[in-house]
Amino acid sequence: MAYETLYRKYRPRKFADVVGQKHVVRAIQNAIASKRIAHAYLFCGQRGTGKTTMARLLAMALNCEKGISPEPCGVCSACQSIVKGSAMDVVEIDAASHTGVDAVREVIIERVSFLPAVLRYKVYIIDEVHMLSNAAFNALLKTLEEPPPQVVFVLATTDPHKVPATIRSRCLRFDFHPISAKDIAQRLVFVLENEGWQGRYDPAAIALIARAARGALRDALTMTEQAMNFADEKITVDLVRSLLGVTDDEFLSRLVSALREGDVHTLWSLVSEAVETGRDLHQIAHDLATYLRELLNYKIGVSADETEERISLLQQQSQLFSEYELMRLIRAAWELERDLRAATDAQLVLEIGLLNMTMILKAREEVPAEKATAPAMPTITAPQPTRQPVEIAPTPTAIATQPEAETTLPPQEELSGLDYIRQHWEIFLEQLKRTSMVAYSFLLNAEPTDLQDNQLVLTFQHAFSYDCVNDRSYRETIEQCLREVFNMPDLKIKPVLSAQITQPTVGTPVGAEPTAKASPTQQREVDTEEYLASLFDS
């Protein structure tokens, strides 16, 4: 007997064997039990989720020799012929090879009016139906709308948006969900036990295959069969990792722990280990972003349909970060993955990307303690805003020679709106610092340059800070603080980018002691080499 691959050998023969699509099974079984059989069905979903299998099971339920039943027997001649693909009245069509109108007319339209030769219903299963041409869809439209009573159409597609609305509106649609990693792992264990691999597989390796399949059970069975062919005695994590190129949880957990501790030595050792073992560095960045996203989901209470061991790992590592830190790390990981696509030196880009993530966490940790305990700043009553011309910022030399500002606030009537805001800009920054340390850091290289009606023009020297302030959440925080401090209920900001943009520099560690009091327009600088060296100190 010829060898049969696992995904064909273990294809479900009854509805109870279908994995991960209970909502579709229940709807179809209820429809069959109540004799509400539609003339056309549209099965949508990613590959490997059971669309064609469900179509065959529907054909078996309609043509079983025991009668139309919500659960076909699977052993009668009609069911067996459908399983083997030899039933004359169950026609499976690959739309990718029958795209033209002539093929549709010859295979479907001209034959649909004939009664079934053997079975009770004639069932047309059209895979990848979105591949049909517009002319073929138009030719099929009338037949699909009013087929003979003994004909049922089942259309399967991975891209339902490519199917014309005129076709979709005439079908009963079912969306197949990606199968959870837990359900896939359970099915793989069942297959391995039946194949005689009891005790010869590592559960962590099976879980790794289940996650690498990304919701497609057929892909998981194919990966398992490949691992079985390569394994000598046992399917291990190292074997699966080398075959599939995916990153295991143990490596990711070490990577995340080193990020939390700011241990750059360990991070770069892990990168070197990945290079020496031949791992795909781009895949590591992708898997790191996915893993951080899973930690964030667990942190905010999104249920994880995973194994108990993995849930325990997610619970342990999600406690290392706050929601805000995970959001920043995920964004940094996505940017790292994007940079790696065009990188000529992937190892260097990965190392710098991980270093950047440690700096994000380090800046978050160094928020001064007085942030939570400092008293609220008094509200400043400002005059009505008036339009002011843009003024050129003084040079550093001029700044150094200017006398220190008086501590007593001048009367309002002696200052215009823009001058008044400039005079008390440091007070606003201190209040913003207590409200949002991140938003405060973005305004360190910005200065108010104009007041246009109710819009305060902020000129930025760094493109990164300019982009971040344009983010809605940070923008609303800054505007709210401005309104409270200057008592301007309608005041908004208008970020602009300076014509002379300087390269971004590493920000001063928040906990560092300033050497001298800086003026509002003086740029904050830091010894970059000293700061990077501090990260490597043991």
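About the cut-offs
- Residues numbered from 1 in each chain as written.
- Predicted model: local features only at pLDDT ≥ 70, side-chain atom pairs only at ≥ 80, totals over all residues.
- Heavy atoms only, no water.
- Core = buried A, V, L, I, M, F, W, Y, C linked by side-chain atoms within 4.5 Å.
- Buried < 20%, exposed > 50% of the residue type's maximum accessible area, 1.4 Å probe, protein only.
- Helix = DSSP H or I, 4+ residues; strand = E, 2+ residues; numbered from the N terminus.
- Contact = heavy atoms within 4.5 Å.
- Pairing = 2+ DSSP bridges.
- Right-handed = clockwise from strand over helix to strand, strands pointing away.
- pLDDT = per-residue confidence, 0-100.
- Axes fitted to C-alpha atoms, helices over the stretch in contact; angles between N-to-C directions.
- Parallel < 35°, antiparallel > 145°, perpendicular 65-115°, else oblique.
- Left-handed = near helix turned anticlockwise from the far one by under 90°.
- Nonpolar A, V, L, I, M, F, W, Y, C, P; charged D, E, K, R; others polar.
- Expected span 1.5 Å × (residues − 1).
- Polar contact = N/O pair within 3.5 Å; in protein donor to acceptor, adjacent residues only side chain to side chain.
- 1 Å grid on protein atoms, 1.4 Å probe; cavity = no way out; pocket = protein on both sides within 12 Å on 5 of 7 lines; lining within 4 Å.
- Points joined across faces, edges and corners; volume = space filled by probe spheres on them.
- Phe/Tyr/Trp six-rings, centres within 6.5 Å; stacked < 30°, edge-to-face > 60°.
- Lys NZ or Arg CZ within 6 Å of the ring centre and 35° of its normal.

(A) Summary view of the nonpolar core. Counting residues in hydrophobic clusters, the biggest one holds 34 residues, and the most contacted among them are Leu255, Leu288, Leu292, Leu354 and Met357. For this core, the secondary-structure elements that each account for two or more residues are helix H12 (249-261), helix H13 (264-276), helix H14 (281-299), helix H15 (308-318), helix H16 (323-341) and helix H17 (346-365). Element by element, the count of residues in this core is highest for H14, at nine residues. If sequence neighbours within four positions are ignored, Leu354 has contacts with Leu255, Leu259, Leu267, Val271 and Leu288.

(B) Just the pairing of strand S4 (residues 151-157), in detail. Within S4, seven of the seven residues are buried, which leaves the element mostly enclosed by the surrounding structure. In S4, alternate side chains face the same way, and those of Val151, Phe153, Leu155 and Thr157 on one face and Val152, Val154 and Ala156 on the other are all buried. As paired elements, strand S1 (residues 40-44) and S4 share five bridges and run parallel to each other. Within S4, the residue paired with Leu42 across the bridge is Leu155. Running through helix H6 (residues 134-145), the crossover from strand S3 (residues 122-127) to the neighbouring parallel element S4 is right-handed.

(C) Expanded view of the confidence of the model for the protein. With 82% of its residues at a pLDDT of 70 or more, the protein has an overall mean of 79. Within the model, pLDDT remains below 50 along residues 368-413, and this stretch shows 68 contacts once partners closer than five positions in the same chain are excluded. Ignoring residues within four places in sequence, the model shows residues 514-524, a span with pLDDT below 50, making 17 contacts including any to other chains.

(D) View of the side chain of Gln317. With respect to the helices and strands, Gln317 occurs in helix H15. Here Gln317 falls in the buried class, since its relative accessible area comes to 4%. Sequence-distant contacts of Gln317, defined by excluding residues within four places in its chain, comprise Ser253, Val256, Ser257, Tyr291 and Leu295.

(E) Molecular detail of the packing of helix H5 (residues 101-109) against H6. Here H5 crosses H6 at 25°, and the two axes come no closer than 8 Å. Put simply, H5 runs roughly parallel to H6. As for how H5 packs across H6, the hand of that crossing is right-handed. Here H5 contributes Val101, Val104, Ile108 and Ile109 to the contact with H6, which in turn contributes Ala135, Ala136, Ala139, Leu140 and Thr143. Class assignment of the residues belonging to the contact of H5 with H6 gives a composition of eight nonpolar, one polar and no charged.

(F) Here's a closer look at H14. Its 19 residues give H14 an end-to-end C-alpha distance of 27 Å, which sits within 8% of 27 Å, the value for a rise of 1.5 Å per residue. Considered for burial, the residues of H14 that qualify are Leu281, Gln283, Ile284, Ala285, Asp287, Leu288, Ala289, Tyr291, Leu292, Glu294, Leu295 and Leu296. The N-terminus of H14 is capped by Asp280, whose side-chain oxygen sits 3.1 Å from the backbone nitrogen of His282. One or two residues past the end of H14 sits Gly301, with phi positive at roughly 95°.

(G) Structural context of the sheet that holds strand S7 (residues 455-460). Taken in spatial order, the three strands line up as S6-S7-S8 in an open sheet, and their pairing is mixed. Both edges of this open sheet fall to strand S6 (446-452) and strand S8 (492-497), since each of them pairs with a single strand only. Geometrically, the sheet is characterised by an average inter-axis angle of 30° between neighbouring strands, direction not taken into account. Pairing geometry for S7 and S8, over six bridges, is parallel. Directly across from Gln455, in S8, lies its bridge partner Lys492. Packed on one face of the sheet, helix H24 (residues 472-486) meets S7 and S8 and runs near 125° to S8.

(H) Representation of the environment of Tyr201 within the structure. Within the secondary structure layout, Tyr201 lies in the loop between helix H8 (181-194) and helix H9 (203-212). Distance in space between the C-alpha atoms of Tyr201 and Ile235 is 4.5 Å, their sequence separation being 34 residues. The residues contacting Tyr201, other than those within four sequence positions of it, are Val189, Leu192, Glu193, Ile206, Lys234 and Ile235. Among the polar contacts made by the side chain of Tyr201, one reaches the side chain of Glu193 at a distance of 2.8 Å.

(I) Looking closely at empty space enclosed by the protein. Tallied over the full model, the rule gives three cavities of 30 Å³ or more. In this structure, the largest cavity occupies an estimated 40 Å³ of space. Every residue along the wall of the largest cavity is listed here: Ile93, Ala95, His98, Ala103, Val104, Val107, Ile108, Ile126 and Leu132. At four residues, H5 tops the list of elements feeding residues into the lining of the largest cavity. Partitioned by chemical class, the residues of the lining of the largest cavity number eight nonpolar, one polar and no charged.

(J) Structural detail: the packing of aromatic side chains. Here the structure, examined in full by the defined rule, presents 10 aromatic pairs. Ring geometry for Phe442 against Tyr474: centres 5.1 Å apart, planes inclined by 80°, an arrangement best described as edge-to-face. Pair noted here: Phe442 is in helix H22 (residues 437-442) and Tyr474 is in helix H24, with a separation of 32 residues, a long-range link. Accessibility expressed as a relative area gives 6% for Phe442, which makes it buried. For Tyr474, a relative accessible area of 15% puts it in the buried group. Through a chain of ring-to-ring contacts, three or more aromatic side chains come together here, namely Tyr41, Phe43, Phe174 and Phe176. Positioned above the aromatic ring of Trp197, the side-chain terminus of Arg200 is 4.0 Å from the ring centre. A cation sits over an aromatic face here: Arg279 above Phe251, 4.3 Å from the ring centre.

(K) Expanded view of the packing of helix H3 (residues 51-63) against helix H4 (residues 77-84). Where H3 contacts H4, the two axes come as close as 9 Å, and the packing angle between them is 160°. With respect to each other, H3 and H4 are oriented roughly antiparallel. Relative to H4, the crossing made by H3 is right-handed. Contacts between H3 and H4 involve Arg56, Ala59, Met60 and Asn63 from the first element and Ala78, Cys79, Ile82 and Val83 from the second. A per-class count over the contact of H3 with H4 returns six nonpolar, one polar and one charged.

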